[in-house]
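Analysis of the macromolecular model
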Amino acid sequence: MSHPYRPKLPTATLLALLAAGLAACSTGGLQLPNLFGPSQPPPAPEQPAPIPTLPPAFPPQDLVGRWGLAAYHKEEDRARIETAAAGQCKQPYVITLGPTGGVMMHLADQATPSELRLKGAPGGKTYIGPEGEPGGTQDRLVESFDGRVLILRWMDPEVQGRYGTMVYVRCGPEGGKRPAHGAKPKPKPKPKPKPAPKPKTEPAPKPAPKPVQPPVQQQ
């Protein structure tokens, strides 16, 4: 049985046609029907819930005054740096109230002070920083505050690495020492009862004066 004549294409021609078909698929020239309906965009990632701003553990007025300032990078140096900060009261760092009720303090790498806010957060935390959500990169966390010594830690790790943990020691007798931030105040001792007053005793009557003998007249 004879077969009809089929012309054979050169191998180079076949390779060229195959390359053209692949190029059409990659550039969108060849569109295949979507058998499963229109494609849906991937769901957006869930955003973390914002941290609520709560009342701070102490009012801004508690920070007003003159402070000796120093910093440490190792926790074991804290006691020594507190002493060094107290020695800086010859050139104190002054904190004042801002025009809208905040405190005037410096941010990192800032030559002039800005009005900062005291922002409370869950867990009894208090932050000091500009307006915005507590715990921002420009905020400082209040590690402890007892009315005399204030410890602040920068939230930005790069800034914390350069500046260290800030220690403020109040200069002079300004502001009495109060319980540390986060600690429960100790109950005041009950006053001791006063002893009952002793009954008054009347003084003993004085003895009557002796009669005076008149002088004897001589005749």
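Here the structure is a predicted model, which is why all the values come from computation and not from measurement. The residue numbering used here restarts from 1 in each chain and proceeds along that chain's sequence as written. Local features are withheld for residues below a pLDDT of 70 in this predicted model, meaning they are given only at 70 or higher, and side-chain atom pairs are given and counted only at 80 or more; totals for whole chains, interfaces and linings count all residues. With hydrogens and water stripped out, all remaining heavy atoms of the structure feed into the side-chain values.

1. What about the packing of aromatic side chains?
In this scheme Phe, Tyr and Trp rings, the latter by its six-membered ring, pair at centre separations within 6.5 Å, and the angle between planes marks the pair as stacked below 30 degrees, edge-to-face above 60, and tilted otherwise. For the structure on display, the rule yields 5 aromatic pairs. Seen in terms of ring centroids, tryptophan 67 and phenylalanine 145 are 6.4 Å apart; in terms of plane orientation they differ by 50°. Their pairing is tilted. Of this pair, tryptophan 67 sits in strand S1 (residues 65-72) while phenylalanine 145 sits in strand S6 (residues 140-145), and the two are 78 residues apart along the sequence. Across this residue pair, the class does not change: tryptophan 67 and phenylalanine 145 are buried. Linked through ring pairs, Phe58, Trp67, Tyr93, Phe145 and Tyr168 together constitute an aromatic cluster. Starting at the N terminus, helices and strands are each numbered in turn, a helix being any DSSP run of H or I of at least four residues and a strand any DSSP run of E of at least two. When a residue's accessible area, from a 1.4 Å probe over protein chains only, is under 20% of the maximum for its type it is buried; when over 50% it is exposed; and in between it is partly exposed.

2. Overview of the sheet that holds strand S3 (residues 103-105)
For two strands to be treated as a pair, DSSP must find at least two bridges joining them. The antiparallel closed barrel is built from 8 strands, whose spatial order is S1-S2-S3-S4-S5-S6-S7-S8. The sheet shows a mean angle of 35° between the axes of neighbouring strands, taken without regard to direction. Bridge count between strand S5 (residues 125-129) and S6: 2 bridges; the pairing is antiparallel. The partner of isoleucine 128 across the bridge, within S6, is arginine 140. Sitting on the sheet, helix H2 (residues 78-86) is in contact with S1, S6, strand S7 (149-154) and strand S8 (165-170), with an inclination near 140° to S1. As a rule, the C-alpha atoms of each element are fitted with a line to give its axis, helices using only the stretch in contact, and angles between N-to-C directions run from 0 to 180 degrees. Contact definition: two residues touch when any of their heavy atoms are within 4.5 Å.

3. Some thoughts on the state of the cysteines
Cysteine sulfur pairs qualify as disulfides if the two atoms are within 2.5 Å. Taken as a whole and assessed by the stated rule, the structure comprises 1 disulfide. Each sulfur in the disulfide pair cysteine 89 and cysteine 171 lies 2.0 Å from the other. Its S-S torsion of approximately -95° makes the covalent link between cysteine 89 and cysteine 171 left-handed. In this pair, cysteine 89 is assigned in the loop between H2 and strand S2 (93-97) and cysteine 171 in the segment after S8, connecting sequence segments 82 residues apart.

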